[in-house]
Amino acid sequence: MGAVDGEQRVVRVLPDVVGIDKEFDYLVPEGVDVHIGDVVRIQLGGRRVGGWVTGLDVEPAAGVALRPLARVSGRGPAPELIELAGWAAWRWAGRRAHLLRTASPPGVVRSLRLGPDDAVVTAPRPEAEHGAPPDGSGAGWIDEALSSAHGVLRLPPGADRYPLVLEAGRRPGITLVLCPSVADAQVLGRRLRRDGVRTAIVAHDGPGAAATGEWAHAASGRAQVVVGARAAAWAPAPDLGRVVVLDEHDEVYQQEQTPTWHARDVAVERAGRASVPCLLVSPCPSLEALAWGDLVTVDRGTERAGWPRTEVVDQRDLDPGLGPLFSPALVELVRGEGRVVCVLNRTGRARLLACAACSTLARCEVCDAAVSLEEPAGGPEDEAGSGSGPGPELVCGRCGTRRPVVCLHCHASRFKNLRLGVSRAREELEVLAGRAVVEVTAAAEVDDATLAEAPLLIGTEAVLHRVARADSVAFLDFDQELLSTRYRASEQAMAMLARAARLVRRGADGRGRLLVQTRTPDHQVLVATRAADPGRLAETERALRPVFNMPPAVAMAIVSGQAAPDFMAGFGHPDRVRVEGPVDGAWRLRAPDHEILCDALAAVSRPAGRLRIEVDPLRA
DNA sequence: CGGACAAGCTGA
DNA sequence: CAGCTTGTCCGG
């Protein structure tokens with residue numbers, strides 16, 4: 001479409017400036033080729049800024065003198081991604097520019113035309129081999145999962161997902177695969193390439209030129225599989241055939257800064273708009289996934305075999321002499337042959353209280369979260385006496401229920417604090433094990449060889465991310481996870497066990513196992529893990545969320561920041577949205593669904609100043 | 001967002 | 001009232 005009758009073409013441009021969520025029209029200089037999504041530079045209000053072309057051959061607003069595009073830098077997100085960004089901006093109450101940056105190449109892509117026949121969209125691809133799954137795995141679930149339009153595939157941690165991805169990649173149309181980390185994506189992508197599948201590994205970090213090249217490769221339509229981490233939900237994939245999200249339950253899929261978009265939800269929406277199947281894969285599918293799709297499971301025997309043996313130790317029964325962290329089972333484990341990873345989350349969580357008499361943890365009688373001790377005035381905090389009058393109380397950090405300082409199990413009224421750090425635990429463990437113990441936290445500098453070979457390690461949750469293989473994983477004090485006041489505590493604890501299970505999978509002779517020390521051995525998470533059946537936990541959790549008005553039973557948002565009072569004044573009290581707060585300057589909004597919540601948020605004009613709108617907060 | 005410009009404050 | 005700060009508006 002060239003210029004008509006010598007009239008100059010006019011395009012619409014969204015500036016890449018957060019704070020200007022508005023489009024402007026520009027003239028296209030003679031002989032310049034532009035496409036929707038192209039990255040351009042424009043003169044705007046006395047300065048030169050970047051932007052994206054969002055409309056071609058538009059009718060310019062009357063009575064404005066148009067300026068020409070200063071420059072067309074290169075290719076950008078395809079039209080459907082521009083639209084998807086509009087949707088996501090609504091869904092997470094953010095700015096389109098934020099999302100379009102993620103959808104744009106990390107560097108300049110001048111053209112997608114690499115060859116003389118410059119096929120941009122549909123490079124010919126060998127006919128897909130239908131039928132038998134690769135490498136004779138004969139797994140019917142691969143076919144079942146890939147033929148579901150809204151599939152949620154529950155695969156145990158030990159299961160190999162590669163045959164599924166390979167088969168997906170061989171089917172017609174481009175397969176977009178999301179992994180929790182860039183490292184996972186690289187491993188997967190290289191393996192696909194070795195197997196002859198043309199693969200683009202998209203990532204925004206790493207060497208700029210290489211990353212840009214991968215983006216262009218994906219955008220050219222020549223890759224059969226496009227694989228990447230969170231941001232790859234926005235990767236180019238012309239002729240999209242299906243989307244696969246691996247470990248969809250993983251919280252890294254949610255962006256921490258606002259807009260707090262979630263790659264799984266973007267992937268689902270993207271597939272839906274393209275009318276292609278989306279498959280969410282996880283050992284422990286999120287409630288969000290289960291609410292969205294159709295659950296596909298492998299047979300009971302396969303799932304059971306894909307979880308390691310799990311031993312639960314009740315810390316209430318332990319000999320006080322050794323301290324609560326070192327059960328006989330743990331001592332035996334660390335003195336034994338195999339490679340052992342010990343996990344102790346010590347960082348800044350609420351302190352746990354245990355009954356001084358019977359060691360039972362102080363938990364909320366309503367919702368089971370850990371409770372803390374609240375003194376009426378500025379009284380002492382370490383020891384809770386009975387006392388009279390307005391004495392201290394146990395308060396639930398999750399649902400706010402209060403009760404007198406009495407143990408639910410033995411009715412004693414004295415509690416002790418439990419608090420132990422990794423460093424001290426490491427020293428004690430070294431003595432007990434009679435050999436060196438390596439400490440691994442997120443910050444600790446530990447070289448790769450040590451991570452790969454040290455026979456005995458201890459660390460916070462980070463150790464599960466940094467170590468690839470072990471014969472056993474021991475959680476020294478799992479109640480830190482189980483009883484956290486975050487409403488997703490149980491799901492997060494289950495995810496952590498699944499991650500640990502992957503470390504010990506296929507331990508030679510299947511001797512790998514998990515050891516979990518706890519004061520709540522009958523917790524649903526542990527019941528589900530021992531049964532190798534995360535569905536049990538999902539059932540209980542799904543029933544609880546409506547009771548506490550928590551996602552996914554409701555749609556929720558937190559509004560905070562300096563401009564929050566202004567924003568909330570404009571927000572008012574829309575129908576069917578419950579407004580609570582402010583608590584510490586933050587409001588909490590809840591609605592029956594996102595349609596209602598996000599429409600209400602979008603109806604308010606943003607005041608100037610710092611404003612944080614966190615839709616689907618992980619903690620609330 | 002950041003530049004332009006207008007209205008408001010301060011000091012001689 | 002010049003000179004500067006603070007606030008509001010708008011960009012093609």
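Residues numbered from 1 in each chain as written. Chains lettered and ligands numbered in written order. Predicted model: local features only at pLDDT ≥ 70, side-chain atom pairs only at ≥ 80, totals over all residues. Heavy atoms only, no water.

K.L.:
Describe unusual backbone geometry, with residues and values.
P.N.:
Following Pro551, the chain continues to Pro552 via a peptide bond in cis, the omega torsion being 0°. Mapped onto the elements of the fold, Pro552 is located in the loop between α17 (534-547) and β25 (555-560). At the junction of Gly581 and Pro582, the peptide bond is cis and its omega measures out at 5° in the coordinates. Structurally, the position occupied by Pro582 is in strand β26 (residues 578-583). For Asp247, which is not glycine, the phi dihedral falls at a positive 55°. (Helix = DSSP H or I, 4+ residues; strand = E, 2+ residues; numbered from the N terminus.)

K.L.:
Help me get a handle on the pairing of strand β9 (residues 199-202), residues and values and all.
P.N.:
Side-chain positions along a regular strand alternate between the two faces of the sheet. Side chains Thr199 and Ile201 of β9 all project onto a buried face; the interleaved residues Ala200 and Val202 project onto the opposite face, where all are buried too. One ladder, built from 4 bridges, connects β9 with strand β10 (residues 225-228); its direction is parallel. Bridging across to β10, Ile201 finds its partner in Val227. (Buried < 20%, exposed > 50% of the residue type's maximum accessible area, 1.4 Å probe, protein only. Pairing = 2+ DSSP bridges.)

K.L.:
Break down the pattern of salt bridges for me, with residues and values.
P.N.:
By the definition in use, this model includes 34 salt bridges. Residue Asp143 is joined to Arg171 by a salt bridge in which the shortest nitrogen-to-oxygen separation is 2.5 Å. With Asp143 in helix α3 (residues 140-147) and Arg171 in the loop between α4 (162-170) and β8 (174-178), this residue pair connects regions lying 28 residues apart in the sequence. On the basis of relative accessible area, Arg171 is assigned to the buried category, the value being 13%. (Salt bridge = Lys/Arg side-chain N within 4 Å of Asp/Glu carboxyl O.)

K.L.:
Got a sec to walk through the protein's contact with DNA strand B? Specific residues and values, please.
P.N.:
The environment of DNA strand B is formed by Val17, Val18, Gly19, Ile20 and Arg47. The sugar-phosphate backbone supplies 53% of the atoms of DNA strand B found within 4 Å of the protein. Contact between DNA strand B and Val18: a sugar or linking oxygen at 3.0 Å from a main-chain N or O atom of the residue. Taking Gly19, its main chain carries an N or O atom lying 3.3 Å from a base nitrogen of DNA strand B. Along the lines of polarity and charge, the residues of the surface near DNA strand B split into 3 nonpolar, 1 polar and 1 charged. (Near = heavy atom within 4 Å. Polar contact = N/O pair within 3.5 Å; in protein donor to acceptor, adjacent residues only side chain to side chain. Nonpolar A, V, L, I, M, F, W, Y, C, P; charged D, E, K, R; others polar.)

K.L.:
Now, about the sheet that holds strand β17 (residues 371-374): what can you tell me, with residues and values included?
P.N.:
What holds strands together in a sheet is hydrogen bonding between their backbones, with the strands either parallel or antiparallel. Sheet architecture is open: 3 strands sit in the order β17-β18-β19, paired in antiparallel fashion. The sheet terminates laterally at β17 and β19 (402-404), the two strands that pair on one side only. Going from strand to strand, the sheet's axes swing by 35° on average, the running direction of each strand aside. Bridging between strand β18 (residues 393-396) and β19 involves 3 bridges; their strand directions are antiparallel. Among the inter-strand pairings, Val395 is bridged to a residue of β19, identified as Arg402. (Axes fitted to C-alpha atoms, helices over the stretch in contact; angles between N-to-C directions.)

K.L.:
Could you give me a rundown of the confidence of the model for chain A, with the residues and numbers involved?
P.N.:
Averaged over chain A, the pLDDT score is 88; the fraction of residues at 70 or greater is 89%. Overall, residues 115-136 carries pLDDT values under 50, and its contacts beyond four positions in sequence, including any with other chains, amount to 38 contacts. Confidence drops under pLDDT 50 across residues 378-388; counting only partners more than four residues distant or on other chains, this segment forms 15 contacts. (pLDDT = per-residue confidence, 0-100. Contact = heavy atoms within 4.5 Å.)

K.L.:
Account for the packing of α4 against helix α5 (residues 182-194), naming residues and giving values.
P.N.:
Helix packing geometry: the angle between the two helix axes and the distance between the axes. Where α4 meets α5, the axes come as close as 11 Å, and the angle between the chain directions of the two elements is 60°. Comparing their axes, α5 and α4 come out oblique. Of the two possible hands of crossing, α4 and α5 adopt the one that is right-handed. In this structure, α4 contributes Tyr162, Val165 and Leu166 to the contact, and α5 contributes Leu188, Arg191 and Leu192. Across the contact of α4 with α5, the residue classes tally to 5 nonpolar, no polar and 1 charged. (Parallel < 35°, antiparallel > 145°, perpendicular 65-115°, else oblique. Left-handed = near helix turned anticlockwise from the far one by under 90°.)

K.L.:
Can you explain the protein's contact with DNA strand C? Please cite residues and give values.
P.N.:
Every one of the 15 residues lining DNA strand C counts as a neighbour, but Asp25, Tyr26, Arg47, Val64 and Arg67 are closest to it. Near-protein atoms of DNA strand C (within 4 Å) split between backbone and bases, with sugar and phosphate holding 48%. In the model, a sugar or linking oxygen of DNA strand C is placed 2.7 Å from a nitrogen or oxygen of the Asp25 main chain. Within the backbone of Arg67, an N or O atom sits 3.1 Å from a sugar or linking oxygen of DNA strand C. For the surface near DNA strand C, the secondary-structure elements that each account for two or more residues are β2 (24-27) and β3 (39-44). For the surface near DNA strand C, the element with the most residues is β2, which contributes 3 residues. A breakdown of the residues in the surface near DNA strand C according to their chemical character gives 8 nonpolar, 2 polar and 5 charged.

K.L.:
Would you mind going over the sheet that holds β10 in detail, with residue names and values included?
P.N.:
Within the open sheet, the 7 strands sit side by side as β9-β10-β8-β11-β12-β7-β13. Their pairing is parallel. With one partner strand each, in any of the chains shown, β9 and β13 (294-297) form the two edges of the open sheet. Averaged over all pairs of adjacent strands, the angle between their axes in this sheet comes to 20°, without regard to strand direction. The pairing of β8 with strand β11 (residues 240-246) spans 5 bridges and is parallel. Following the sheet pairing, Leu176 is matched in β11 by Val243. Against the sheet, helix α7 (residues 263-273) engages β8, β11 and β12 (278-282), with an angle of about 155° to β12.

K.L.:
Pulling in residues and values, what's your account of the domain arrangement of chain A?
P.N.:
The domain boundaries assigned to chain A delineate domain 1 (3-103), domain 2 (116-304), domain 3 (310-351 + 419-543) and domain 4 (555-615). Each of domain 1 and domain 2 has a C-alpha centre, and the two are 30 Å apart. Taken together, the contacts link 17 residues of domain 1 with 16 residues of domain 2. Carbon and sulfur atoms supply 70% of the area that domain 1 and domain 2 bury against each other, a total of about 1,500 Å² over both sides. Looking only at domain 1, the three residues that lose the most surface to domain 2 are Leu84, Trp92 and Thr102, adding up to 40% of its buried area. At the boundary of domain 1 and domain 2, one finds 1 salt bridge. Residue Arg91 pairs with Asp265 through a salt bridge whose shortest N-O separation is 3.7 Å. Here domain 1 and domain 2 share 2 residue pairs in polar contact (both at pLDDT 80 or more) between them. (Domains from an automatic or database assignment. Buried area = accessible area lost by both parts, 1.4 Å probe.)

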